[in-house]
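Close look at the chain arrangement
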Amino acid sequence: MKKVLKPLFLMVAGLLVFLSGLFPGTSTGFAAENNDQSTVVDVKAMTFNLRYKNNNDPSPHTWDERVPTIKKLINMENPDIIGTQEVLYTQLQDLENTLPQYNWIGLGREGGNRGEYSAIFYNEKDYTVLEYDHFWLSDTPEVIGSKTWGNNIPRMVTWAKFLDKKSNQQFYFVNTHFDHQSTNAREKSAELILEVTKEFDPELPVILTGDFNAGPESLPHQILTNGGFDDLWETAETRINEDLGTFNGFDDPTGEGPDRRIDWILGKGNLTTNEIEIVNYQKNGQFPSDHFPVIADITLTYNK
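Since the model is a prediction, treat every value here as computed from it, not as a measurement. (Residues numbered from 1 in each chain as written. Predicted model: local features only at pLDDT ≥ 70, side-chain atom pairs only at ≥ 80, totals over all residues. Heavy atoms only, no water.)

1. Focus: the packing of aromatic side chains
Inclusion rule: Each Phe, Tyr or Trp ring, with Trp reduced to its six-membered ring, pairs with another whose centre is within 6.5 Å; inter-plane angles below 30 degrees give stacked pairs, above 60 give edge-to-face pairs, and intermediate values give tilted ones. The helix and strand labels rest on DSSP assignments: H or I over at least four residues marks a helix, E over at least two residues marks a strand, and numbering proceeds from the N terminus. Working definition: with a 1.4 Å probe on protein chains only, accessible area under 20% of the residue-type maximum means buried, over 50% means exposed, and in between means partly exposed.
This model, assessed by the stated rule, comprises 12 aromatic pairs. Ring geometry for Tyr-172 and Phe-200: centres 4.1 Å apart, planes at 15°, overall stacked. Remark: Phe-200 occurs in the loop between α4 (183–197) and β8 (206–211) and Tyr-172 occurs in strand β7 (residues 169–177); sequence separation between them is 28 residues. An identical accessibility class is assigned to Tyr-172 and Phe-200; each is buried. Ring pairing ties together the aromatic residues Tyr-122, Tyr-127, Phe-162 and Phe-171, which thus form one cluster.

Below, the structure is given as structure tokens:
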């Protein structure tokens, strides 16, 4: 049915148009009432296995030598939020000093500051953490350091609910590191992540990052994508470095090829991916890590 504007509304509308003509630099809010009634939030998300600090990696791939290269890569790519894997507490301290624009949340996989972290770094100028928590990839996810699925070392998840300060919109960011040996552990880990994320606010988008130690044809990938997540590599409008994998081992610029794309960014909810890239930056033959990071430009859409 055709809508009819009442005379009073026409008078108000005319006055608003007149005022906007007198003061072109000001906004009357009239256009905002007639938009598509949605808000968009752009997030640059990165997943990055940084390789744990040890005494075995030869020069120029020792941790101390790699820190400046990691700094250059991150400042060059400028991600908003980074899901990291394998970092130890001393490495987190180094990154904190090297990248002052980021804050981080996390817990060692063996409790406190012991063991590797799946820490989440975020640009604290633009984002606030509203909630966060951790769970372990086992039959007893609330038990710190638990492992029951055949993995020899504990594996865990760190998640946070973020507030985008500019738009006042919220979303979840989940970060993990699946086991590198146990197929059973990887499959059950995927199932547990589905179970836990189903308890999140269903109205909010979820971004999931991690080193999944499995390729895109694997069962863990199928479990997650059949369970409601999209692999943003597959849904992105633009993909950069499609011929690469993500595990370079400090010596393979191909990352072992696309079948070894083991570091993923997945998403659930009202989001789209504009561009995603396997970042194969290196400096004079020095790799920032034995994994290539992956970065995605993601648009979250909220209906008002």
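Next comes the rest of the write-up.
2. Re the sheet that holds strand β2 (residues 81–85)
Using the following cut-off: Strands pair, by our definition, only if DSSP identifies at least two bridges between them. To obtain an axis, a line is fitted to C-alpha atoms, over the contacting stretch when the element is a helix, and the angle between two such axes runs from 0 to 180 degrees between their N-to-C directions.
With mixed pairing, the 7 strands of this open sheet are ordered in space as β3-β4-β2-β1-β13-β12-β10. Taken across any chain shown, the strands that pair with only one partner, and hence form the sheet edges, are β3 (102–105) and β10 (238–240). In this sheet, adjacent strand axes meet at a mean angle of 20° when their direction is disregarded. Pairing of strand β1 (residues 38–49) with β2, which is carried by 5 bridges, proceeds in the parallel orientation. Bridge pairing in β2 places Asn-49 opposite Gln-85.

3. Digging into the sheet that holds strand β11 (residues 263–268)
Strand pairing in a sheet is mediated by backbone hydrogen bonds. Such pairs are either parallel or antiparallel. To keep things clear, this is the line we draw: Any pair of residues with heavy atoms lying within 4.5 Å of one another is described as a contacting pair.
Read across the open sheet, the 6 strands follow the order β5-β6-β7-β8-β11-β9; overall the sheet is mixed. Strand pairing shows two members of the sheet lacking a second neighbour, β5 (127–136) and β9 (230–231), which therefore form its edges. With 2 bridges joining them, β9 and β11 adopt antiparallel strand pairing. Within β11, the residue paired with Asp-231 across the bridge is Leu-266. Here α4 sits on the sheet and contacts β5, β6 (156–164), β7, β8 and β11; the angle it forms with β5, its principal contact strand, is near 135°. Of the strands in this sheet, β8, β9 and β11 are in contact with helix α5 (residues 219–226), which crosses β11 at around 15°.

4. Comments concerning the environment of Asn-168
Along the chain, Asn-168 turns up in the loop between β6 and β7. For Asn-168, a relative accessible area of 56% gives the class exposed. Linking Asn-168 and Tyr-127, residues 41 residues apart in sequence, is a C-alpha distance of 9.5 Å.

5. Some points on helix α2 (residues 63–77)
Spelled out, the test is: Multiply 1.5 Å by the residue count of a helix minus one, and that product is the helix's expected span.
The terminal C-alpha atoms of α2 lie 20 Å apart, and with 15 residues this matches the ideal 21 Å at 1.5 Å per residue to within 8%. Every buried residue of α2 is listed here: Trp-63, Arg-66, Val-67, Thr-69, Ile-70, Leu-73, Ile-74 and Glu-77. Against β1, β2, α3 (89–98), β3, β12 (271–278) and β13 (294–303) lie the buried residues of α2. Among the residues trailing α2, Asn-78 stands out with phi positive, at a value near 55°.

6. Points about the packing of α4 against α5
Selection criterion: Here the word oblique covers every angle except those under 35 degrees (roughly parallel), over 145 (roughly antiparallel) and from 65 to 115 (roughly perpendicular). By definition, turning the near helix anticlockwise from the far helix through less than a right angle yields a left-handed crossing, and turning it clockwise yields a right-handed one. Amino acids outside the nonpolar list (Ala, Val, Leu, Ile, Met, Phe, Trp, Tyr, Cys, Pro) and the charged list (Asp, Glu, Lys, Arg) are all regarded as polar, and Gly is one of them.
Across the interface, α4 lies against α5 with an axial gap of 8 Å and an inter-helix angle of 15°. By the criterion of interaxial angle, the relationship of α4 to α5 is roughly parallel. α4 and α5 meet at a crossing whose hand is right-handed. Counting all contacts with α4, which are made through Arg-186, Glu-187, Ala-190, Glu-191, Ile-193 and Leu-194, the residues of α5 involved are Leu-219, Pro-220, Ile-223 and Leu-224. Across the contact of α4 with α5, the residue classes tally to 7 nonpolar, no polar and 3 charged.

7. A look at the environment of Leu-300
Tracing the backbone shows Leu-300 in strand β13. Its relative accessible area of 0% is what places Leu-300 among the buried residues. The spacing of Leu-300 and Val-43 is 257 residues in sequence and 7.6 Å in space, taken between C-alpha atoms. Look past the residues within four positions of Leu-300 in its chain and what remains in contact with it is Thr-39, Val-40, Val-41, Val-43, Phe-171, Pro-205, Asn-270 and Leu-271.

8. Description of the pattern of salt bridges
Cut-off, in case you're wondering: Any carboxyl oxygen of Asp or Glu that lies within 4 Å of a side-chain nitrogen of Lys or Arg is treated as forming a salt bridge with it.
One pass over the full model with this rule turns up 9 salt bridges. Residue Asp-57 pairs with Arg-51 through a salt bridge whose shortest N-O separation is 2.8 Å. Of the two residues, Asp-57 and Arg-51, neither departs from the other in class, the shared state being buried.

9. Some thoughts on empty space enclosed by the protein
To keep things clear, this is the line we draw: Both site types are read off a 1 Å grid over the protein atoms alone. A 1.4 Å probe that fits but cannot get out defines a cavity, while an open set with protein on both sides within 12 Å along at least five of seven lines defines a pocket; lining residues have an atom within 4 Å of a point. Grid points are joined across faces, edges and corners, and a volume is the space filled by probe spheres set on the points.
With the rule as written, the count across this model stands at 2 cavities of 30 Å³ or more. Here the largest cavity is characterised by a volume of approximately 60 Å³. Around the largest cavity, the lining residues are Glu-86, Arg-109, Glu-116, Tyr-117, Ser-118, Pro-154, Arg-155, Met-156 and His-177. A per-class count over the lining of the largest cavity returns 3 nonpolar, 2 polar and 4 charged. Looking at the second largest cavity, its volume works out to about 40 Å³.

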